[in-house]
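Residue-level listing of the chains:
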Amino acid sequence: MIDGFNEKWPDIQVDVFRSGTEEVVSKVLAEKEAGSVLADVLLVADDVTFETLKEQDLLMAYESPELEGIPETYIDKDHMYTGTKVITTGIIYNTDLTDTIPTSFADLTDEAYKDDLIMPSPLYSGAAAYNLGVLTRTEGLGWDYYQALKDNGITVGQGNGSVQNAVVAGEKACGLLADYMAIRSKNDGAPVEFVYPAEGSPAVTEPIGIVNGTENEDLAKAFVDFVLSEEGQALTAEIGYTPVKSGVAVPEGFKSIDEITPLSWDTEELYQNREADKAQFSQMFQ
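We now turn to the structure provided with this report. (Residues numbered from 1 in each chain as written. Predicted model: local features only at pLDDT ≥ 70, side-chain atom pairs only at ≥ 80, totals over all residues. Heavy atoms only, no water.)

As for the nonpolar core
Consideration 1: Membership of the largest hydrophobic core comes to 69 residues, with the highest contact counts inside it found for Leu108, Met119 and Tyr146.
Consideration 2: No other element matches the 7 residues that helix H8 (residues 217-228) contributes to this core.
Consideration 3: Counting residues in hydrophobic clusters, the runner-up holds 13 residues, among them Val24, Ala45, Leu58 and Met80. (Core = buried A, V, L, I, M, F, W, Y, C linked by side-chain atoms within 4.5 Å. Buried < 20%, exposed > 50% of the residue type's maximum accessible area, 1.4 Å probe, protein only. Helix = DSSP H or I, 4+ residues; strand = E, 2+ residues; numbered from the N terminus.)

Overview of the environment of glutamate 55
Consideration 1: Along the chain, the position of glutamate 55 falls in helix H3 (residues 47-55).
Consideration 2: What glutamate 55 contacts, discounting residues up to four positions off in sequence, is Tyr271 and Gln272.
Consideration 3: A polar contact is formed between the side chain of glutamate 55 and the side chain of tyrosine 271, at a distance of 2.4 Å. (Contact = heavy atoms within 4.5 Å. Polar contact = N/O pair within 3.5 Å; in protein donor to acceptor, adjacent residues only side chain to side chain.)

Some points on the packing of aromatic side chains
Consideration 1: All told, the structure shown has 10 aromatic pairs when counted by the stated rule.
Consideration 2: Here the aromatic rings of tyrosine 145 and tyrosine 146 are separated by 5.9 Å at their centres, their planes lie at 80 degrees, and the arrangement is edge-to-face. Just as tyrosine 145 is buried, tyrosine 146 falls in that class too.
Consideration 3: Put simply, the rings of Phe105, Trp143, Tyr145, Tyr146, Phe281 and Phe285 pair up and form one aromatic cluster. (Phe/Tyr/Trp six-rings, centres within 6.5 Å; stacked < 30°, edge-to-face > 60°.)

Considering the sheet that holds strand E2 (residues 59-60)
Paired through their backbone hydrogen bonds, the strands of a sheet run either parallel or antiparallel.
Consideration 1: With antiparallel pairing, the 3 strands of this open sheet are ordered in space as E1-E9-E2. Only two strands of the sheet have a single partner each, and these edge strands are strand E1 (41-43) and E2.
Consideration 2: Two strands pair when backbone bridges link them, and E1 and strand E9 (residues 208-211) are joined in this way by 3 bridges, in the antiparallel orientation. From the neighbouring strand, valine 41 faces E9, where its bridge partner is isoleucine 210.
Consideration 3: Those strands touched by H8 are E1, E2 and E9, and its axis lies near 180 degrees from that of E9. (Pairing = 2+ DSSP bridges. Axes fitted to C-alpha atoms, helices over the stretch in contact; angles between N-to-C directions.)

Points about the pattern of salt bridges
Consideration 1: Under the definition given, this model contains 12 salt bridges.
Consideration 2: Across the pair lysine 54 and aspartate 78 runs a salt bridge, and its minimum N-O distance is 2.8 Å. Of this pair, lysine 54 sits in helix H3 while aspartate 78 sits in the loop between E2 and strand E3 (85-94), and the two are 24 residues apart along the sequence.
Consideration 3: A salt bridge links glutamate 269 to arginine 137, with the nearest nitrogen and oxygen atoms 3.1 Å apart. Of this pair, glutamate 269 sits in helix H10 (residues 267-285) while arginine 137 sits in the loop between helix H4 (126-135) and helix H5 (142-151), placing them 132 residues apart in sequence. (Salt bridge = Lys/Arg side-chain N within 4 Å of Asp/Glu carboxyl O.)

Points about unusual backbone geometry
Consideration 1: At alanine 45, a residue that is not glycine, the phi angle is positive and equals roughly 45 degrees.
Consideration 2: In this fold, alanine 45 is placed in the loop between E1 and H3.
Consideration 3: Positioned with a positive phi, aspartate 115 is a non-glycine residue whose angle comes to about 60 degrees.
Consideration 4: Assignment of secondary structure puts aspartate 115 in the loop between E3 and strand E4 (117-119).
Consideration 5: Residue aspartate 115 is classed as partly exposed on the basis of its relative accessible area of 45%.

Quick look at helix H7 (residues 179-187)
Consideration 1: Among all positions in H7, only Asp179, Tyr180, Met181, Ala182, Ile183 and Ser185 are buried.
Consideration 2: Taken from the residues just after H7, glycine 189 is the one with a positive phi, measuring 100 degrees.

Points about the side chain of serine 229
Consideration 1: Checked against the element boundaries, serine 229 lands in the loop between H8 and helix H9 (230-239).
Consideration 2: Only 3.1 Å separates the side chain of serine 229 from the backbone nitrogen of glycine 232, close enough to count as a polar contact.
Consideration 3: If we skip the residues at most four places from it in the chain, serine 229 touches Glu66 and Lys245.

Here's the deal with the environment of leucine 53
Consideration 1: Here leucine 53 is to be found in helix H3.
Consideration 2: For leucine 53, a relative accessible area of 1% puts it in the buried group.
Consideration 3: For leucine 53, the residues in contact, after removing those within four places along its chain, are Val25, Leu42, Leu58 and Leu59.

Have a look at this one:
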């Protein structure tokens, strides 16, 4: 993405600090406390995380001219951040281990998958924490669904990588996993398939936002515009993700933004209840 940006803006040097969501946010908050945030642009996890940054007055409002084609649900109403890609969570299954192909989240509570399931922990994974908030508020699922998964012997791993590794290695037949990780495994020759669940797909969008008070405002805007442009979105697809902009071709095996049935909930409610949701999950699965 940076190489593509530099083809258009060769004189702008982009330096990156890359780490997990919790470490990136902790670094930014610590720098704010010290009176000097080093970053100009933030590209992190999900909109609930960005609500934390928004509440801390860390983001600058910017309405990019490249918003056309991006669904309104992925654009902050105050234009503090905008989604850059769509990473859905669905079901990965090992074709060598199960003849019973799951088609929905609800299917995973069936006896056919007893003790043969794995999911990422919302205590480790930002995407899993988002999924927890959405699925427990979705009609027909809710906390009863998580209890049913527990009763069916589901293993709680750490991040999405633990799910990917377990299903690819044949240690578990099915798991809840981010789309790109399952599809990449299949493309690498693993005996796995990915299912977009019938109920719909919770999705994180790795939003992008500009740091409030940046000394490089024009350069930051140029980078945001590039990421959200058709050219930047085509690179997002080339890297192996679903572009957030309608009309941009998706990688093989993925649904486009127009084909995905999104499962979502009010961002403010998810943000306000994230820690309580995680605490209830921890108590349920202790």
